[in-house]
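Fold and contact review
If you want the building blocks of each chain, they are given just below.
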Amino acid sequence: MKTSGEKAEKRRSLSLYFLCLLAGAVNGFFGMGAGMILILGLQRIHRGGREEIMAISTLCVLSFSLLTTILYFVAGHVKPETALPLLIPSLLGGAVGALLLGRISPTLLQTVFAILLLISGTRLLLL
Amino acid sequence: MSGFLFLFLLSVLTGMGVGNGGFYLLYLTDRVGLPQYEAQGANLLFFLLASLASTLVSLRAGRFRGERLFPMLLWGFLGVGFGALLTLFVAPQYARRAFGALLLFGGARALWDNGRRKAEKYANSLDKKE
């Protein structure tokens, strides 16, 4: 006989797996977006702190993006020559961002992120 | 140089786990003039590099815990396969519109959550004062 605690844990696991399935599908279709889905979902389902949630989200985005890149490459959507100019600023910025994690107010970070999403979303829809 | 700085700043946001809110994709389609799916491919490479550096730093800081991580990744991979398959059947202009709608939803949701947290914090501080 399962206790209510065990049942709740099982429900939490299933919710996490469904969230990842959805985030993976979004990443596979749009080439991005998994981070947004994961952060919004993990804040509700996962029990860890904000730093852990951000780290898990980044690890999942890395893994999903790796597989998506391979599949896009096979489909002819990825041109290797576009990678070279991205190399230095992306690696530098990614490392600086991870080092800054925990030093910037999460509320400020989420507000900046929300504003970026609203601007991009409006532009993509209208133009 | 401005392109370098732009990429660097977007990578800092990606490294903090929040992503770049679709700005890089817009830059590639509207400024560079790449077709939608090709821009998505370049955007993926950018994400790979920025999140690789960030994951290595988080790994060193010991931020990953939990036995659920591996199955979470496996379910995500299944989703990626399905999503990538869809790109072969859906016209790019519909993908662009759908992505715009998703970003708008995400932005509104993030702002709503922020507002709710602030209100809860304020209510808690009032309770403590009483």
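Preceding this paragraph is the structure being described.
The shown structure was predicted, so the numbers you read here are calculated from the model rather than taken from an experiment.

About the thresholds
- Residues numbered from 1 in each chain as written.
- Chains lettered and ligands numbered in written order.
- Predicted model: local features only at pLDDT ≥ 70, side-chain atom pairs only at ≥ 80, totals over all residues.
- Heavy atoms only, no water.
- Salt bridge = Lys/Arg side-chain N within 4 Å of Asp/Glu carboxyl O.
- Helix = DSSP H or I, 4+ residues; strand = E, 2+ residues; numbered from the N terminus.
- Buried < 20%, exposed > 50% of the residue type's maximum accessible area, 1.4 Å probe, protein only.
- Core = buried A, V, L, I, M, F, W, Y, C linked by side-chain atoms within 4.5 Å.
- Contact = heavy atoms within 4.5 Å.
- Phe/Tyr/Trp six-rings, centres within 6.5 Å; stacked < 30°, edge-to-face > 60°.
- Buried area = accessible area lost by both parts, 1.4 Å probe.
- Polar contact = N/O pair within 3.5 Å; in protein donor to acceptor, adjacent residues only side chain to side chain.
- Nonpolar A, V, L, I, M, F, W, Y, C, P; charged D, E, K, R; others polar.
- Axes fitted to C-alpha atoms, helices over the stretch in contact; angles between N-to-C directions.
- Parallel < 35°, antiparallel > 145°, perpendicular 65-115°, else oblique.
- Left-handed = near helix turned anticlockwise from the far one by under 90°.
- Expected span 1.5 Å × (residues − 1).

Under the criterion given, the structure shown has 5 salt bridges over all chains. One salt bridge in this structure joins Glu9(A) and Arg12(A), with 3.4 Å as the shortest N-O distance. With Glu9(A) and Arg12(A) both in helix α1 (residues 4-30) and 3 residues apart, the pair spans about one turn of that helix. A relative accessible area of 19% places Arg12(A) in the buried class. Its salt-bridge partner being Arg109(B), residue Asp113(B) comes within 3.8 Å of it at the nearest N-O pair. Remark: Arg109(B) and Asp113(B) occur in helix α5 (residues 92-129); sequence separation between them is 4 residues, near one turn of the helix. The buried category is assigned to Asp113(B), whose relative accessible area is 1%.

Turning next to the nonpolar core. The tendency in soluble globular proteins is for nonpolar side chains to be buried as a group. In this structure, Leu38(A), Leu42(A), Phe64(A) and Phe99(B) are the most contacted members of the largest nonpolar core, which totals 56 residues. If we ignore the near neighbours within four places in the chain, the residues touching Leu38(A) are Leu19(A), Cys20(A), Ala23(A), Ser57(A), Cys60(A) and Phe64(A). Membership of the second largest hydrophobic core comes to 8 residues, among which are Ile39(A), Leu101(A), Leu116(A) and Met16(B).

Another point: the side chain of Thr68(A). Relative to the assigned elements, Thr68(A) resides in helix α3 (residues 50-75). Its relative accessible area of 0% is what places Thr68(A) among the buried residues. Aside from chain neighbours lying at most four places away, what touches Thr68(A) is Asn27(A), Gly28(A), Gly31(A), Leu44(B) and Val80(B).

Here we come to the packing of aromatic side chains. Enumeration over the complete set of coordinates arrives at 3 aromatic pairs over all chains. Look at Phe29(A) and Phe30(A): their rings are 4.7 Å apart centre to centre, the planes differ by 55°, and that puts the pair in the tilted class. Judged by relative accessible area, Phe29(A) falls into the buried class, the value being 11%. With centroids separated by 5.0 Å and ring planes inclined at 35°, the aromatic side chains of Phe30(A) and Phe99(B) adopt a geometry described as tilted. Of the two residues, Phe30(A) sits in helix α1 while Phe99(B) sits in helix α5, which places them in two different chains. In this structure, Phe30(A) and Phe99(B) share a single accessibility class: buried. The structure contains a cluster of three or more aromatic residues connected by ring pairs, namely Phe29(A), Phe30(A) and Phe99(B).

Another point: the interface of chain B and chain A. At the interface, 82 residues of chain B touch 85 residues of chain A. Here chain B meets chain A over a buried area of about 8000 Å², counting both sides, of which 75% is carbon and sulfur. Put simply, chain B and chain A have 2 salt bridges between them. The partner of Arg44(A) in a salt bridge is Asp113(B), and the shortest N-O contact between them spans 3.1 Å. Remark: the boundary between chain B and chain A carries 10 residue pairs in polar contact (both at pLDDT 80 or more). Broken down by class, the residue content of the side of chain B that touches chain A amounts to 47 nonpolar, 23 polar and 12 charged.

Before going further, it helps to spend a moment on the environment of Asn114(B). Considering the arrangement of structural elements, one finds Asn114(B) in helix α5. Note: C-alpha distance between Asn114(B) and Leu10(B) (104 residues apart in sequence) is 21 Å.

Close contact between helix α4 (residues 87-100) of chain A and helix α1 (residues 2-15) of chain B brings their axes to 6 Å; oriented N to C, the two are set at 40°. As summarised for this structure, α4(A) and α1(B) are arranged oblique, according to the angle between their axes. Crossing handedness for the pair α4(A) and α1(B): right-handed. Contacts between α4(A) and α1(B) pair Ile88(A), Pro89(A), Ser90(A), Leu92(A), Gly93(A), Gly94(A), Val96(A), Gly97(A), Ala98(A) and Leu100(A) from the former with Phe4(B), Leu7(B), Phe8(B), Ser11(B), Val12(B) and Gly15(B) from the latter.

Quick look at helix α2 (residues 34-45) of chain A now. Taking 1.5 Å of rise per residue, the 12 residues of α2(A) would be expected to cover 16 Å, and the 16 Å separating its terminal C-alpha atoms lies within 8% of that figure. Burial of α2(A) is extensive: 10 of the 12 residues sit out of reach of the surface.

So, about the side chain of Asn27(A). Looking at the secondary structure, you find Asn27(A) in helix α1. Those residues in contact with Asn27(A), other than ones at most four positions away along the chain, are Met32(A), Gly33(A), Ala34(A), Phe64(A), Ser65(A), Thr68(A), Tyr72(A) and Leu44(B).

All right, on to the environment of Pro71(B) then. All names here are of chain B. For Pro71, the location among the structural elements is in helix α4 (residues 69-86). Residue classification places Pro71 among the partly exposed positions, given a relative accessible area of 23%. Residues Pro71 and Ala123 lie 52 residues apart in sequence; the distance between their C-alpha atoms is 38 Å.

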